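Listed below, chain by chain, are the residues.
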Amino acid sequence: MRKALLVQARECAQLGSPMYAELLTRAADDPGGTVAEVLGGRAVPGALLRMLGTVHRLVLEGRAPDLAAHYPTAGGTEDPLAAWPAVRDVLVEHAAEIRAGLAVPPKTNEVGRSSALVGGLLSVAAATGLPVRLLELGSSAGLNLRADHFRLRHEGGAYGPESPVVLENAWRGLPPVDAPLAVAERLGCDPDPLDPAAPEAQRLLLSYVWPDQPVRVARLRAAFEVAARVPATVVRAGAADFLADLAPKPGVATVVWHSTMWAYLSEDEAARLRRLLERAGAAATGDAPVAHLSFEPRDPSRLDPAQVVTLRLWPDGGRTVLGEGPAHGLPITWA
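Residues numbered from 1 in each chain as written. Predicted model: local features only at pLDDT ≥ 70, side-chain atom pairs only at ≥ 80, totals over all residues. Heavy atoms only, no water.

S.K.: Looking at this model, I keep getting lost on the packing of aromatic side chains. Mind explaining?
M.R.: Taken as a whole and judged by the stated rule, the model has three aromatic pairs. Each ring, one from Tyr159 and one from Trp171, has its centre 5.9 Å from the other, and the planes form 40°; the classification is tilted. Taken together, the residues Tyr159 in strand E3 (residues 157-159) and Trp171 in strand E4 (residues 166-172) connect sequence positions twelve residues apart. Both residues of the pair, Tyr159 and Trp171, count as buried. Taking the centre distance of 6.3 Å and the plane angle of 80° together, the rings of Trp171 and Trp334 count as edge-to-face. Taken together, the residues span a long stretch of sequence, with Trp171 in strand E4 and Trp334 in strand E11 (residues 332-334) at a distance of 163 residues. Here Trp171 matches Trp334 in class, with each residue buried. (Phe/Tyr/Trp six-rings, centres within 6.5 Å; stacked < 30°, edge-to-face > 60°. Helix = DSSP H or I, 4+ residues; strand = E, 2+ residues; numbered from the N terminus. Buried < 20%, exposed > 50% of the residue type's maximum accessible area, 1.4 Å probe, protein only.)

In structure tokens:
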């Protein structure tokens, strides 16, 4: 338990959350205490982040006023690094609800990961010269299905239209920014999709953003504005069922995209997805290509602070590592 807490604390520090790093370190100093009781021994990274996300949701709902004083996302002005005693009280008071939250996969929709998506789509456009049919697995609220409507700044300038979503320091090196990128279709799936216009869904998404990271919070809120004016569809389905009828479509490049979701699949579903992608790829032609674009840890069996952008593009079917970046997506260093 103590080791898992300290590993997650270190990763939170590396990803820019001193608050969560401190909370998990303080929990590690009490290895048989409140956190262990709430987790029931499941101190894996996913469980710890679900626990913290559920606590954050209670704060955003106004149900933990003493703790809210330490949370910038709730207007708190007290030191976030001094929040542990109030967090411990919330864990005790709401233990049953927090345990229930452990069973729910984190409902993240990290907008920063769109930096990997846009660069990958530019690579597909450069290789095919075709509009993109974008299919996203694990879409949550579908915010990244609108990634071509975000503004990405980099050391050489900026890419994309003027937008409420501005991704600073998005790229180191450049993908093929001169490629003619056009998204003709945007469709995603999620076992439990969220409506980005619904206040309760917005609160839930915000609860999984680390509360001492105001830039990520601002990106998420700006993405709600983009979602309100750019249509996209997210259907209720698992990833393999969603792709059950996947086939190339003439005149467009069919791109299947996902980020930080593969570790949540069962072995059976992951194997089924591979077969479906291979089947669609085998039917691809120059006028109807198929691509598998991902931003996932090098080792899909674990969550990792560093992830890679990979692309398989059929009819050739070769796999290319396009770049790499931290789990929240910024910056992506292009190969």
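S.K.: How should the pattern of salt bridges be read in this particular structure?
M.R.: Close approach of charged atoms allows side chains with opposite charge to pair. Under the counting rule described, the total for this entry stands at 17 salt bridges. For the salt bridge of Glu110 with Arg219, the shortest nitrogen-to-oxygen distance reads 3.1 Å. You can see Glu110 sitting in the loop between helix H7 (95-102) and helix H8 (114-128) and its partner Arg219 sitting in helix H10 (residues 214-229), a full 109 residues away along the chain. Accessibility assignment for this pair places Glu110 and Arg219 in one class, buried. We note a salt bridge from Glu168 to Arg153, for which the minimum N-O separation is 3.3 Å. (Salt bridge = Lys/Arg side-chain N within 4 Å of Asp/Glu carboxyl O.)

S.K.: Where do I start with the side chain of Gln307 in this structure?
M.R.: Tracing the chain through its elements places Gln307 in strand E9 (residues 306-314). Judged by relative accessible area, Gln307 falls into the buried class, the value being 1%. Side chain to side chain, Gln307 and Thr260 meet in a polar contact 3.1 Å long. Polar side-chain contacts of Gln307 include one of 3.1 Å to the backbone oxygen of Phe295. With sequence-adjacent residues up to four places away left out, Gln307 is seen in contact with Thr260, Phe295, Glu296, Pro297, Gly323, Glu324, Gly325 and Ala327. (Polar contact = N/O pair within 3.5 Å; in protein donor to acceptor, adjacent residues only side chain to side chain. Contact = heavy atoms within 4.5 Å.)

S.K.: Looking at this structure, I do not really get the pairing of strand E5 (residues 183-190). What am I missing?
M.R.: The side chains of a regular strand alternate between the sheet's two faces. Relative to E5, strand E1 (residues 132-137) is paired through six bridges, and the arrangement is parallel. By the bridge assignment for E5, Arg133 is matched with Glu185. In the sheet, E5 pairs with strand E6 (residues 233-236) via four bridges, with the strands oriented parallel. Residue pairing in the sheet places Asp190 in a bridge with Arg236 of E6. (Pairing = 2+ DSSP bridges.)

S.K.: Would you mind going over the sheet that holds strand E7 (residues 253-259) with me for this structure?
M.R.: Paired through their backbone hydrogen bonds, the strands of a sheet run either parallel or antiparallel. The strand order across the open sheet built from eleven strands is E3-E2-E4-E11-E10-E9-E8-E7-E1-E5-E6, with neighbouring strands paired in mixed fashion. Of all strands in the sheet, those bounded by a partner on one side alone are E3 and E6. When strand polarity is set aside, the average angle formed by the axes of neighbouring strands in this sheet is 25°. Most of the contacts of helix H12 (residues 267-282) go to E9, to which it runs at about 35°, and overall it touches E1, E7, strand E8 (290-297) and E9. (Axes fitted to C-alpha atoms, helices over the stretch in contact; angles between N-to-C directions.)

S.K.: Whenever I open this one, the packing of helix H9 (residues 199-207) against H10 confuses me. Can you help?
M.R.: The angle between the axes and the distance between the axes are what describe a pair of packed helices. Where H9 contacts H10, the axes come no closer than 10 Å and their chain directions differ by 155°. Here H9 is positioned roughly antiparallel relative to H10, judged by the angle of their axes. For the element pair H9 and H10, the recorded crossing hand is right-handed. Between H9, through Gln202, Leu205 and Leu206, and H10, the contact on the second element is made entirely by Val217, Leu220, Arg221 and Phe224. In terms of residue class, the contact of H9 with H10 is built from five nonpolar, one polar and one charged. (Parallel < 35°, antiparallel > 145°, perpendicular 65-115°, else oblique. Left-handed = near helix turned anticlockwise from the far one by under 90°. Nonpolar A, V, L, I, M, F, W, Y, C, P; charged D, E, K, R; others polar.)

S.K.: Which parts of the structure should I look at to understand empty space enclosed by the protein?
M.R.: The rolling of a water-molecule-sized probe over the atoms marks out the regions of remaining empty space. What the rule picks out here adds up to two cavities of 30 Å³ or more. Its boundaries defined by the atoms lining it, the largest cavity holds a volume of some 40 Å³. Here the residues of the lining of the largest cavity sort into three nonpolar, one polar and three charged. The computed volume of the second largest cavity comes to approximately 30 Å³. Lining the second largest cavity, in full, are Leu23, Leu24, Ala27, Val35, Met51, Leu52, Trp84, Val87 and Leu91. Looking at the lining of the second largest cavity, the elements with two or more residues in it are helix H2 (18-28), helix H4 (45-60) and helix H6 (84-93). (1 Å grid on protein atoms, 1.4 Å probe; cavity = no way out; pocket = protein on both sides within 12 Å on 5 of 7 lines; lining within 4 Å. Points joined across faces, edges and corners; volume = space filled by probe spheres on them.)

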